[in-house]
Amino acid sequence: MELPTPLIAALEHGMNQRIRSDLDLKQACHSLQGKRIGVHVKGLECGLTFIFHMDQLELLGGYQGEVNASVSALPLSLINLLSRRAGLEISDAEVSGDRLLVEAFLDMLPLFNLDWEAHLSQLTGGVFAHQLGNRVRRFQQEKRRGQQSMRDNIRDYLQEEVGLIPTSAEYQGWVTDRTCLDDRLAKLEKRINHLAARI
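Keep in mind that this is a model prediction, so the values were computed, not measured.

Q: What exactly am I supposed to notice about the pattern of salt bridges here?
A: Side chains bearing opposite charge may pair, as long as their charged atoms lie close to each other. Summed over the entire model, instances satisfying the criterion amount to five salt bridges. Residue Glu-94 is joined to Lys-42 by a salt bridge in which the shortest nitrogen-to-oxygen separation is 2.5 Å. Remark: Lys-42 occurs in the loop between strand 1 (36-41) and strand 2 (46-52) and Glu-94 occurs in strand 5 (residues 94-97); sequence separation between them is 52 residues. Using a relative accessible area of 25% as the deciding quantity, one classes Lys-42 as partly exposed. Note that Asp-182 is salt-bridged to Arg-178, the shortest N-O span being 3.4 Å. With Asp-182 and Arg-178 both in helix 7 (residues 168-198) and four residues apart, this pair spans about one turn of that helix. Overall, the relative accessible area of 37% leaves Asp-182 in the partly exposed class. For Arg-178, a relative accessible area of 43% gives the class partly exposed. One network of salt bridges, in which partners are shared, links Asp-152, Arg-155 and Asp-156.

Structure (structure tokens):
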């Protein structure tokens, strides 16, 4: 299945407008100049090829030429990878070719700030895209909650069980003691200077 040409053209136009107006995107585009990266959506069996030029990119559907690297994933994983908001790693997709190039490409995409759900709705219909978007958002929320819970558990273990790091109260006590010591040292230095001036 090939993506509709008007959809590809609209994506390309929007992305090139962002490149022209954003210095970070322009520099990222320069660093990828001459590279061809394929993105394949499993299940929908469609894809796009991103061809990078000096100050713009070209999007092609159904490209048959060679690419420097490609990434292939199911729609949910691909949306997460493209937005880099859910903490998914490249290991959640099939990558062929230059892995570092794929990393640079995926790091660049969030700078475009594209609404992938809106573009997907043009391909699959609004209901499916909305349901998929809701699943992505729920996944992101659950992942954030899980990460926070893990951070809290690790912090509690390191503070309470093994005592490797101070608790907040202990740290505040240390800051107070340090401030008090600084004040006393400043007073002592002032007194020494005063006595030295009298000798």
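Q: Sorry if this is basic, but what is going on with the sheet that holds strand 1 here?
A: Hydrogen bonding along the main chain pairs the strands of a sheet, whether they run parallel or antiparallel. A sheet is described by the order of its strands in space; here five strands give the open sequence 3-2-1-4-5, paired in mixed fashion. Each of the sheet's edge strands pairs with one partner strand only, and the pair in question is strand 3 (57-60) and strand 5. Across this sheet, the average inter-strand angle for adjacent strands is 15 degrees, counted without regard to direction. Direction of pairing for strand 4 (residues 69-73) relative to strand 5: antiparallel, over a ladder of four bridges. Each residue of the ladder has a partner; that of Val-71, found in strand 5, is Val-95.

Cut-offs and rules
- Residues numbered from 1 in each chain as written.
- Predicted model: local features only at pLDDT ≥ 70, side-chain atom pairs only at ≥ 80, totals over all residues.
- Heavy atoms only, no water.
- Salt bridge = Lys/Arg side-chain N within 4 Å of Asp/Glu carboxyl O.
- Helix = DSSP H or I, 4+ residues; strand = E, 2+ residues; numbered from the N terminus.
- Buried < 20%, exposed > 50% of the residue type's maximum accessible area, 1.4 Å probe, protein only.
- Pairing = 2+ DSSP bridges.
- Axes fitted to C-alpha atoms, helices over the stretch in contact; angles between N-to-C directions.

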